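Single-letter residue listing:
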Amino acid sequence: MPLPGNWLLRHSAATRLLLLSLVLMTFCIHRVTANCSRSCYCSESPEGGLAVRCSGLHLPEVPRDLPNDTRHLYLDYNRLTTIPTDAFLGLSLLSELDLSHNDLAQLEPGAFRGLAESLEFLDLSSNRLMALNPLAFEGLRSRANLTHNPWHCDCNLQTAMTLLDLEPASLAGVVCRTSEPEEAGVQGLPFLLAAGADLCVAVKKTTDVAMLVTMFGWFAMVISYLVYYVRHNQEDARRHMEYLKSLPSRQGRSEHSSTLSTVV
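A brief report on the enclosed structure follows. This structure is a prediction, so every number in the text was calculated from the model and none was measured.

Another point: the pairing of strand β1 (residues 41–44). One ladder, built from 4 bridges, connects β1 with strand β2 (residues 50–53); its direction is antiparallel. Bridged to Ser43 within β2 is Ala51.

It is worth spelling out the packing of aromatic side chains at this point. Any two aromatic rings considered together are summarised by their centre-to-centre distance and by the angle between their planes. Across all of its chains, the model carries 2 aromatic pairs by this definition. With 6.1 Å between their ring centres and 0 degrees between their planes, Phe88 and Phe112 make a pair best called stacked. Of this pair, Phe88 sits in the loop between β4 (82–83) and β5 (96–98) while Phe112 is found in the loop between β6 (106–107) and β7 (121–123), placing the two residues 24 residues apart along the sequence. A connected cluster of aromatic rings, assembled from ring pairs, spans Phe88, Phe112 and Phe137.

Reading across from one edge, β1-β2-β3-β5-β7-β8 is the order of the 6 strands in this open sheet, with mixed pairing throughout. Since the sheet does not close on itself, it has two edges, and those belong to β1 and β8 (143–145), each with one partner. On average, each strand axis in the sheet is inclined to that of its neighbour by 15 degrees, with strand direction left out of account. Pairing between β7 and β8: 3 bridges, direction parallel. When the bridges of β8 are listed, Leu122 appears paired with Ala144.

This part covers the state of the cysteines. Applying the stated criterion across every chain yields a total of 4 disulfides. Note on cysteine connectivity: Cys40 is disulfide-linked to Cys54, with sulfurs 1.9 Å apart. Here Cys40 and Cys54 share a disulfide; its torsion about the S-S bond, 105 degrees, makes the bridge right-handed. Within this pair, whereas Cys40 is found in the loop between α1 (5–35) and β1, its partner Cys54 is found in the loop between β2 and β3 (70–74), the two being separated by 14 residues in sequence. The class of Cys40 is buried, set by a relative accessible area of 13%. A disulfide bridge connects Cys155 with Cys200, and the sulfur atoms are separated by 2.0 Å. Taking the torsion about the sulfur-sulfur bond, which here is approximately 90 degrees, the covalent link between Cys155 and Cys200 counts as right-handed. Taken together, the residues span a long stretch of sequence, with Cys155 in helix α2 (residues 155–161) and Cys200 in the loop between β10 (176–179) and α3 (201–263) at a distance of 45 residues.

Reading guide: rules and limits
Residues numbered from 1 in each chain as written. Predicted model: local features only at pLDDT ≥ 70, side-chain atom pairs only at ≥ 80, totals over all residues. Heavy atoms only, no water. Pairing = 2+ DSSP bridges. Helix = DSSP H or I, 4+ residues; strand = E, 2+ residues; numbered from the N terminus. Phe/Tyr/Trp six-rings, centres within 6.5 Å; stacked < 30°, edge-to-face > 60°. Axes fitted to C-alpha atoms, helices over the stretch in contact; angles between N-to-C directions. Disulfide = S-S within 2.5 Å. Buried < 20%, exposed > 50% of the residue type's maximum accessible area, 1.4 Å probe, protein only.

So this is what it looks like as structure tokens:
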């Protein structure tokens, strides 16, 4: 039984549309894959740019071949121990950065350089961070997840907190595991609740002691100089007195000689 012509036309058009869709999909996938980091998986982000997923790949460092149009970057569950300077420089569209569940213990100065204008969320949870270096953030104002890190609350951290521009609510995730001085009693407390404690008191005491030692040193130098000055002047005075004592006898001999000359 022959098929109607219009049926064949409709189905041939549908077939062509399907083939075109497959070609376009293949092209898009190829383009995304071609631009992606070799160790990661990339997909188109709904708001434009790329979502780059490098999760759970046991990476020891941040990949250096990340696409410039990366908007979401997932580096969680790897083996990162530090974020070096300029690690994300050139990713001007990056709005979300997930660095959770790594072994991060250090953020070098300039680690997030270039992200101040674009980054909206930074996840640093579940790492080994004990301190924060304000120079690593360079004006970053994004939300941040700082929970589940072994924070060491001391004078350095207290000072650093005042220099950060992160969203204030983000700092609630800093919970003190240890503290210095220990008697501050802030272990187990969110740092914001412990902000009333003066964690710099030990540093101030050390500074006071150093100032006292310095002042004592200067005082000892002044006393030593005065003693030397007095002794030196005493020696000069003694010599001067001996000289003065010798003057009358010389004058007497001179007068006696003059008398003898007159008599003669």
